[in-house]
Amino acid sequence: REAGEGEQVMADKFRPMLVLTGSVVRQSKPRVVYGGHRRVGVPVGYVYNDQNGLHTSRDHLCEAMPPLSSWGKYFIAKNFGRSEGDLMRVLASMDSTVIKINGQVWGQPLMAREYRDTIISQSNVVSDNIFGVETSNPSLVGMIAHTEIKFGNGDPFLAIIPPLDQTYHEYTYFIS
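A brief structural summary. Everything numeric here is computed off the predicted structure, so don't read it as measured data. (Residues numbered from 1 in each chain as written. Predicted model: local features only at pLDDT ≥ 70, side-chain atom pairs only at ≥ 80, totals over all residues. Heavy atoms only, no water.)

### A word on the overall build of the protein
When its secondary structure is counted, the protein shows 0 helices and 11 strands. For the protein, the α and β elements follow one another from N to C terminus as β-β-β-β-β-β-β-β-β-β-β. Within the protein, the fraction of its 176 residues that count as buried is 30%. Restricting to contacts in the protein with at least 6 residues of sequence separation, those with at least 24 account for 67%. (Helix = DSSP H or I, 4+ residues; strand = E, 2+ residues; numbered from the N terminus. Buried < 20%, exposed > 50% of the residue type's maximum accessible area, 1.4 Å probe, protein only. Contact = heavy atoms within 4.5 Å.)

### Considering the side chain of D86
With respect to the element layout, D86 can be found in strand β6 (residues 86-92). Overall, the relative accessible area of 0% leaves D86 in the buried class. Beyond its immediate stretch of four places on either side in the chain, D86 contacts N79, F80, G81, T118, I119, I120, M143, I144, A145 and H146.

### Some thoughts on the pairing of strand β10 (residues 130-144)
Summarising burial for β10: 11 of the 15 residues are buried, a large majority. Sheet analysis places strand β5 (residues 72-78) next to β10, joined by 6 bridges and oriented antiparallel. Counterpart to K78 in the pairing with β10 is I130. Here strand β7 (residues 99-101) pairs with β10 via 3 bridges, running antiparallel. Residue pairing for β10: I101 is matched across the bridge by V133. Pairing geometry for β10 and strand β11 (residues 158-161), over 4 bridges, is antiparallel. By the bridge assignment for β11, I144 is matched with L158. (Pairing = 2+ DSSP bridges.)

### With respect to the pattern of salt bridges
A complete count under the given rule lists 1 salt bridge for this structure. Here R89 makes a salt bridge to D117, at a shortest N to O gap of 2.7 Å. Taken together, the residues span a long stretch of sequence, with R89 in strand β6 and D117 in strand β9 (residues 115-120) at a distance of 28 residues. Given the relative accessible area of 31%, D117 is considered partly exposed. (Salt bridge = Lys/Arg side-chain N within 4 Å of Asp/Glu carboxyl O.)

### A word on the nonpolar core
Counting 15 residues, the largest nonpolar core has M88, V90, F131, V133 and V141 as its most contacted members. Sorting the residues of this core by element identifies β5, β6, β7 and β10 as the ones contributing at least two each. Top contributing element to this core by residue count: β10, with 4 residues. Setting aside its immediate chain neighbours within four residues, M88 contacts I101, W106, R116, D117, T118, I120, F131, V133, V141, G142 and M143. (Core = buried A, V, L, I, M, F, W, Y, C linked by side-chain atoms within 4.5 Å.)

See the structure below:
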């Protein structure tokens, strides 16, 4: 490919639950890889009922996927405050990756390129809607906002959570 060119890879549209999460992209030159979905409600298949019948609120999810070299083991995240919680996805880079949420082991260890989802709600966060995620091997953590209907329609969106070891620990301020 030449500079500025792109290529689209999609899961089989006739198999709606098929996802490409955990797929590996290998290139000889630096590339940006975007992940997402062209039109989805979160969680998949979510519908709400109002006086006019069943509806859903869907949106295009898109986010640049960081390279494996920038994945981490420690994350602090905050749910988006949607009334029904928000979806968190953890993707493992190596076999036997143990995941802890707020210090508690979450399920069985994941294998390389395997992921697990959960809804993070107000009831399972530490304080001020903040929760901690720790993994035994480098992982990728993403949050997807739940489709919102209780307080007005709100479309889903995707956000990749940067690991704590990729944040600055010292800051210099200049005040004039």
